[in-house]
Amino acid sequence: MLTPLLRHDRTPARMLMVGVGLLLLLRYFHWRVTSTLPPVGWTADFAAGSIFLVAETASLSAAILASIFLCRTRNRSPEVEANKAWLASQEPPLVDVLICTYNEEEAILERTMIGATGMNHGNYRVWVLDDGRRPWLEELSQRLGCRYLTRPDNSHAKAGNINHALAHLAALPEPPAFISILDADFVPLPDFLSRALCLFRDPRVGLVQTPQHFINPDPIQTNLAAAHVWPDEQRFFFDVVLAAKDAWGAAFCCGTSSVIRFAPLMAIGGFPTDSVTEDYLLTLRLKETGFTTAYLNEPLTLGLAPEGLKEYITQRGRWCLGFMQITRGRSGPFSRSSSLTFIDRLSLVDTFLNWTAVYIAKLLGLLVPIGYLLFGVHTVDADLYDLLGYFLPFFLWHSVTMSWISRGRSLVFMTDVSQFIAAPAILKAVFTGLLRPRHQKFKVTAKGGDRGQRFIEWPLVKIYGSIILLTLAGLVYAFAIHVRGDSLTSGGLAFAWSWYNLIVLIIVCFVCIEQPRRRKAERFATDEAVMLECAGESLILRLTDISITGAGLRGEPPAPLGTPIICTIGGRAVRGTIVRKLADGFAIKFDEELKTRIEMIRGFYAGNYVKAFAQVATLGVTTAVVRRLFD
C-alpha cells in the first residue's frame, strides 16, 4: 500500500524499504541460529543442519550487501544534457570504434558495421578486428568504409585482439583520444558516441559504460513464450543493479557498448589478460590509477541476446569463471597489493557472494526436503507454523521491495528459474576459477546460425528431472507409505517446500525445451505512417510491423504480388517487393542490394522499435508460464 506513494529514485524511500527488510531478515536469522539448528552431536541431522545454515548465512549476507547497494541509484542523463554544449564547443575528439569478431556470420557483422559507420559524431574511425582471419570480411569492411585488422594468432582471445589493435593505433600518426568497444552483434544508435563522450568532461572518468539492450528474446523468454510480458534476464542487472553501483562509485565495464580514454588505457598496458572477463578487470585496473567508470543508463546500442540455452549457459559460466580469476588475482577484494577503495572491495565481495553462496544455497535448498521426506534428516528443526511466523514476513517484504525498486523486473520464482538454469555451469566455474585460475580458455558466445529446430537441453533435464522424481517419491513415501508422527510439524514444512521446488523445477524443464525460431530477423509491431510508391502511384499507408528484411502494411495490396515498390520510412527511401497477402494487409520484402540494406538497417536501429518494459505485470507472467505448461 505504501509503495505507490514512494519514488523509486529517492534514497530515503529506498532506505526505508530496504531498512525494514533488513530488520525482518535479522529477526528471521536470529530465529534460525537460536531455534532451528538440530541438537549438537555426531548425527546426520546436526551435520546437514550445520552445512545448510552456513550456506544460508552466506546467501543472506549476499542479500544484505545487495540491499545496501540498492539503497541508492544514479541517473546521468541530466549530466549528459548539461555537458552537450561543452562537447559542441570544442574540436570533436578522435574516437576509434573497435568491432571485435571471431566467428560471427556476415549478416550479423554487416548490421554492426553499417550502424557503426552511421553515427553522428564528427570525428571517428571504425575498425573491424577479425580474429577469424576471413578474406570475405576484409572485402566487406572495404565496401562499408571500415578499416580491417587481423593478427597471426588468437592469444588471449578478445583481450589479445583488442591489445593488438591498440598497439597499431598507438603507432599511427594520429592516435585516438578515445576508443569504443563493440561486440560483433551490437549495433550502435546514431547518438551513442555523442552522448557517451559528454561524461568525459569530468577528467576523473576513464570509462563510460552503457547498457546492453537486445532486439531478440533470450532463451527463457522464448521457451516460456513470455517475451511479451517478461523482460530479458539482463534487464534487472543493467536497469537496476549497475545504476545502483554507479551511485556508490562502483560501476564497472561490461565490454561492449563502452567508451574508454586512450591514454590511461595505454598507461596500464591495455586490456588485462589475466581474466576471461577482461572488461570488469579493466575497471579495477583503471581505478587503481585514479580513473573511474561512469554508467550512462540509456539504450544506445542494440545487440543479440544468446539465442539458445547452451549459449546462454556458456556466457554465464564465462562471466563467473572470469570473476573467480579476478578474486584470485592482484585486483581481488582481499588483495594487499591493490589500492582499491573499501566500497570497491565491498562491491567485489557482493559479486563474489552472488556467484557462489546464492547458487550453493539454492541447490542445497532442493535437497533439504528430500533428505527429510526419504531419510528423516531434520536439516531445519522447525515446523511450518514457526517458519511462516519468522520467514514469511521477511520473504514478502523483500519480494515487494525488489519488485518496487526494479519496477517489476524482479519476480522470485522467475529469478529462481534463471538461476537453476545456469547453476551447474556456475558451480563448475566457481571451483575451476578458484582452484585453477590460470590458463583458462575463453569460450565465445555463438550468435546466428540455424535455430529452426526444436531441441532439448538433456543434461539439465536429467539433473532436475531426477530431483523432481526424488521429491515426488519423498512426498509419496512420507505422506502415504511411511507416515511419521511429526508429519504435521516438520512434515508440513517439507511438504510446502517440496511443492515450491517442484513448481520451479517443472518450469526449468520446460525452459530446457528449446522452441524453434523461424525468423532470421526480429519483427516489431508499429503503427507509423509511410509513403508507398507503386506502379506510378503514391499512397499513404500504415505499417503493422517491421524488421530489417521486410514489413507488414495495413490495407489491400495496391498491385499484384511481385510488384516492385519504394517505401519511405522515417525519411529513408527503401526499395522492395510485394511478396504476400495477409488477413488484414500485405507484406513487403526489402531489396538485397547494399544501398537498400544500409538505408534500412540505419533506419531500423534509429527507429526506436525496441521498447523497454516499463512495468511487468506479475499476473501476466504467471498466465504466460501456465499457458506454456499446459499448451
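Residues numbered from 1 in each chain as written. Predicted model: local features only at pLDDT ≥ 70, side-chain atom pairs only at ≥ 80, totals over all residues. Heavy atoms only, no water.

### What to know about the sheet that holds strand β6 (residues 205-209)
Turning to step 1, where the next piece is worked out: The strand order β3-β2-β1-β4-β8-β6-β9 describes an open sheet built from seven strands, whose pairing is mixed. Pairing within the sheet leaves two strands with one partner each, and these edge strands are β3 (147-150) and β9 (292-295). Averaged over all adjacent pairs, the angle separating strand axes in this sheet is 25°, with direction ignored.
Turning to step 2, where the next piece is worked out: As defined by bridge partners, β6 adjoins strand β8 (residues 258-261) across three bridges and the pair is classed as antiparallel. Considered in β8, the bridge of Q209 is made with S258.
Turning to step 3, where the next piece is worked out: Lying on the sheet, helix α9 (residues 235-247) is in contact with β6 and β9; it crosses β9 at an angle near 140°. (Pairing = 2+ DSSP bridges. Helix = DSSP H or I, 4+ residues; strand = E, 2+ residues; numbered from the N terminus. Axes fitted to C-alpha atoms, helices over the stretch in contact; angles between N-to-C directions. Contact = heavy atoms within 4.5 Å.)

### Here's the deal with the pattern of salt bridges
Two side chains bearing opposite charge may form a pair once their charged atoms approach each other closely.
Turning to step 1, where the next piece is worked out: Tallied over the full model, the rule gives 29 salt bridges.
Turning to step 2, where the next piece is worked out: The partner of R151 in a salt bridge is D131, with the nearest N and O atoms 2.7 Å apart. Remark: D131 occurs in the loop between β2 (124-130) and α5 (135-143) and R151 occurs in the loop between β3 and α6 (157-170); sequence separation between them is 20 residues.
Turning to step 3, where the next piece is worked out: Owing to a relative accessible area of 6%, R151 belongs among the buried residues under this scheme. (Salt bridge = Lys/Arg side-chain N within 4 Å of Asp/Glu carboxyl O. Buried < 20%, exposed > 50% of the residue type's maximum accessible area, 1.4 Å probe, protein only.)

### Points about the environment of L144
Turning to step 1, where the next piece is worked out: In this fold, L144 is placed in the loop between α5 and β3.
Turning to step 2, where the next piece is worked out: L144 gets classed as buried once you look at its relative accessible area, which sits at 9%.
Turning to step 3, where the next piece is worked out: A sequence separation of 88 residues divides L144 from D232, and the C-alpha atoms of the two residues are 31 Å apart.
Turning to step 4, where the next piece is worked out: Residues within four places of L144 in sequence aside, it is in contact with E110, M113, I114, T117, L594 and I598.

### Side note on the sheet that holds strand β7 (residues 213-214)
Turning to step 1, where the next piece is worked out: Ordered in space as β5-β10-β7, the three strands form an open sheet in which the pairing is mixed. Each edge of the open sheet carries a strand with a single partner, namely β5 (187-188) and β7.
Turning to step 2, where the next piece is worked out: With two bridges joining them, β7 and strand β10 (residues 301-303) adopt parallel strand pairing. Paired with H213 across the bridge in β10 is L302.

### As for the packing of helix α16 (residues 412-435) against helix α17 (residues 458-481)
Turning to step 1, where the next piece is worked out: Remark: α16 packs on α17, axes separated minimally by 11 Å, with the N-to-C direction vectors making an angle of 105°. In terms of orientation, α16 and α17 fall into the roughly perpendicular class. The residues of α17 that touch α16, namely those facing F420, I421, A423 and P424, are L460, I463 and Y464.
Turning to step 2, where the next piece is worked out: Partitioned by chemical class, the residues of the contact of α16 with α17 number seven nonpolar, no polar and no charged. (Parallel < 35°, antiparallel > 145°, perpendicular 65-115°, else oblique. Nonpolar A, V, L, I, M, F, W, Y, C, P; charged D, E, K, R; others polar.)

### Side note on the environment of F186
Turning to step 1, where the next piece is worked out: Examined against the element boundaries, F186 turns out to sit in the loop between β4 (178-183) and β5.
Turning to step 2, where the next piece is worked out: Given the relative accessible area of 3%, F186 is considered buried.
Turning to step 3, where the next piece is worked out: Spatially, the C-alpha atom of F186 lies 25 Å from that of G552, the residues being 366 residues apart in sequence.
Turning to step 4, where the next piece is worked out: Residues in contact with F186, not counting those within four places in the same chain, are T112, Q212, H213, F214, T256, S257, T301, L302, G303 and L304.

### Quick notes on the nonpolar core
Turning to step 1, where the next piece is worked out: By size, the foremost hydrophobic cluster in this structure holds 66 residues, and its most contacted members are M113, L193, I569 and I588.
Turning to step 2, where the next piece is worked out: Those residues in contact with L193, other than ones at most four positions away along the chain, are V95, V97, M119, H121, Y124, S180 and V259.
Turning to step 3, where the next piece is worked out: Counting residues in hydrophobic clusters, the runner-up holds 65 residues, among them L363, Y372, I426 and L460. (Core = buried A, V, L, I, M, F, W, Y, C linked by side-chain atoms within 4.5 Å.)

### A few points about helix α12 (residues 309-328)
Along an α-helix, residues three or four apart share an orientation, since each turn contains 3.6 residues.
Turning to step 1, where the next piece is worked out: Here α12 contains 20 residues, and its C-alpha end-to-end distance of 29 Å stays within 8% of the 28 Å for a straight helix at 1.5 Å per residue.
Turning to step 2, where the next piece is worked out: Within α12, 16 of the 20 residues are buried, which leaves it mostly tucked inside the rest of the structure. (Expected span 1.5 Å × (residues − 1).)

### Topic: the side chain of S331
Turning to step 1, where the next piece is worked out: Tracing the sequence through the fold places S331 in the loop between α12 and α13 (342-355).
Turning to step 2, where the next piece is worked out: Of note is the side chain of S331, whose polar atom sits 2.9 Å from the side chain of E288.
Turning to step 3, where the next piece is worked out: In this structure S331 touches L281, L284, R285, E288, I326, S338, L340 and L348, once residues within four positions along its chain are discounted. (Polar contact = N/O pair within 3.5 Å; in protein donor to acceptor, adjacent residues only side chain to side chain.)

### Here we look at a nonpolar patch on the surface
Turning to step 1, where the next piece is worked out: Where nonpolar side chains cluster on the molecular surface, the patch consists of L469, L472, F479, F495 and W499 and spans about 470 Å² of accessible area.
Turning to step 2, where the next piece is worked out: Counting residues per element, the nonpolar patch draws most heavily on α17, at three residues.
Turning to step 3, where the next piece is worked out: Here F479 lies in helix α17. (Patch = residues over 30% accessible without salt bridge, like charges linked within 9 Å, V, L, I, M, F, W, Y side chains within 5 Å. Areas by Shrake-Rupley, 256 points an atom, 1.4 Å probe, with all protein chains shown as cover.)

### Re the packing of helix α14 (residues 357-375) against α16
Turning to step 1, where the next piece is worked out: Put simply, α14 and α16 touch, their axes get as near as 10 Å, and they point 105° apart. Of the possible angle classes, the one that applies to α14 and α16 is roughly perpendicular. Contact residues: V358, Y359, I360, K362, L363 and L366 in α14; D416, Q419, F420, A423, I426 and L427 in α16.

### A short note on unusual backbone geometry
Excluding glycine, residues mostly carry a negative phi; peptide bonds, for their part, are mostly trans.
Turning to step 1, where the next piece is worked out: Notably, R133 is not glycine yet its phi reads approximately 50°, a positive angle.
Turning to step 2, where the next piece is worked out: Here R133 falls in the partly exposed class, since its relative accessible area comes to 35%.
Turning to step 3, where the next piece is worked out: Residues other than glycine seldom take positive phi values, yet S257 does so here, at roughly 70°.
Turning to step 4, where the next piece is worked out: Mapped onto the secondary structure, S257 falls in the loop between α9 and β8.
Turning to step 5, where the next piece is worked out: We classify S257 as buried; its relative accessible area is 0%.

### What to know about the state of the cysteines
The bond known as a disulfide is covalent and runs between the sulfur atoms of two cysteines.
Turning to step 1, where the next piece is worked out: Taken as a whole, this structure holds zero disulfides when the rule is applied.
Turning to step 2, where the next piece is worked out: Here C254 stays free of any disulfide, with the sulfur of C253 as its closest cysteine sulfur at 6.5 Å.
Turning to step 3, where the next piece is worked out: According to the relative accessible area criterion, C254 is buried, its value standing at 14%.
Turning to step 4, where the next piece is worked out: A disulfide-free cysteine, C509 has its sulfur positioned 5.8 Å from the sulfur of C512, the nearest such atom.
Turning to step 5, where the next piece is worked out: Looking at C509, the relative accessible area reads 14%, which means it is buried. (Disulfide = S-S within 2.5 Å.)

### Comments concerning the packing of aromatic side chains
Turning to step 1, where the next piece is worked out: Following the criterion strictly, the structure yields 21 aromatic pairs and no others.
Turning to step 2, where the next piece is worked out: Seen from their ring centres, F495 and W499 are 6.4 Å apart, and the 65° between their planes marks the pair as edge-to-face. Taken together, the residues span about one helical turn, with F495 and W499 both in helix α18 (residues 490-511) at a distance of four residues.
Turning to step 3, where the next piece is worked out: By way of ring pairs, the aromatic residues Y28, W31, Y390, F391, F394 and F395 are connected into one cluster.
Turning to step 4, where the next piece is worked out: Lying across the ring of W248, R72 places its NZ or CZ 4.9 Å from the centre.
Turning to step 5, where the next piece is worked out: Between R316 and the ring centre of Y312, over which it is positioned, the NZ or CZ distance is 3.9 Å. (Phe/Tyr/Trp six-rings, centres within 6.5 Å; stacked < 30°, edge-to-face > 60°. Lys NZ or Arg CZ within 6 Å of the ring centre and 35° of its normal.)

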